[in-house]
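Below are the chains, spelled out letter by letter.
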Amino acid sequence: MNTLRRFAPTLALAGFIAYLGFHALSGEGYVRYLMVEQRIATAERELAEARAHRAALADRVTRLHADRGELDLDLLAERSREVLNFGHPDEIVIRLQPVSPGY
């Protein structure tokens, strides 16, 4: 009995440390933190892709605006042929990627 009384504080402290360690690694602890960090990295990557896509679309819109005097006739001809599915008889059309309906 004397031995148990002597080791009781040590056992209580070890149990408390084990309890904190368990809850640090599960639930809202370190594992959850790593999962959130991974989701943030994925979201930042998607945001960078969306910004690049938006910049490309903004460039196309800018080149098609007649208001600013910067009308790109080559892009206009390319776009009209693509939308109308029209080509001259002497042209060879090779599609490298599918046409997106959103442009």
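Rules of the game
Residues numbered from 1 in each chain as written. Predicted model: local features only at pLDDT ≥ 70, side-chain atom pairs only at ≥ 80, totals over all residues. Heavy atoms only, no water. Helix = DSSP H or I, 4+ residues; strand = E, 2+ residues; numbered from the N terminus. Buried < 20%, exposed > 50% of the residue type's maximum accessible area, 1.4 Å probe, protein only. Areas by Shrake-Rupley, 256 points an atom, 1.4 Å probe, with all protein chains shown as cover. Patch = residues over 30% accessible without salt bridge, like charges linked within 9 Å, V, L, I, M, F, W, Y side chains within 5 Å. Salt bridge = Lys/Arg side-chain N within 4 Å of Asp/Glu carboxyl O. Axes fitted to C-alpha atoms, helices over the stretch in contact; angles between N-to-C directions. Parallel < 35°, antiparallel > 145°, perpendicular 65-115°, else oblique. Contact = heavy atoms within 4.5 Å. Nonpolar A, V, L, I, M, F, W, Y, C, P; charged D, E, K, R; others polar.

**Student:** How should I be thinking about the overall build of the protein in this particular structure?
**Tutor:** Scanning the protein from terminus to terminus reveals three helices and zero strands. Listing the helices and strands of the protein from first to last along the sequence gives α-α-α. The buried share of the protein, taken over its 103 residues, is 3%. When the accessible area of the protein is evaluated, it comes to approximately 9400 Å², of which 61% is carbon and sulfur surface.

**Student:** Help me out: how do you make sense of a nonpolar patch on the surface in this one?
**Tutor:** A contiguous nonpolar patch, built from Leu25, Tyr30, Val31, Tyr33, Leu34 and Met35 and spanning about 610 Å² of accessible area, is present on the exposed surface. Broken down by element, the nonpolar patch gets its largest block of residues, five residues, from helix H2 (residues 30–64). When you line up the elements, Met35 lands in helix H2. On the accessibility criterion, Met35 (43% relative accessible area) is partly exposed.

**Student:** Explain the packing of H2 against helix H3 (residues 73–84) to me, please; I cannot follow it from the model alone.
**Tutor:** A packed helix pair is summarised by two numbers, namely the angle formed by the two axes and the spacing between the axes. Between H2 and H3, whose axes approach to 9 Å, the crossing angle comes to 105°. Of the possible angle classes, the one that applies to H2 and H3 is roughly perpendicular. Along the contact surface, H2 presents Arg60, Arg63 and Leu64, while H3 presents Leu75, Leu76 and Arg79. Of the residues in the contact of H2 with H3, the class split is three nonpolar, no polar and three charged.

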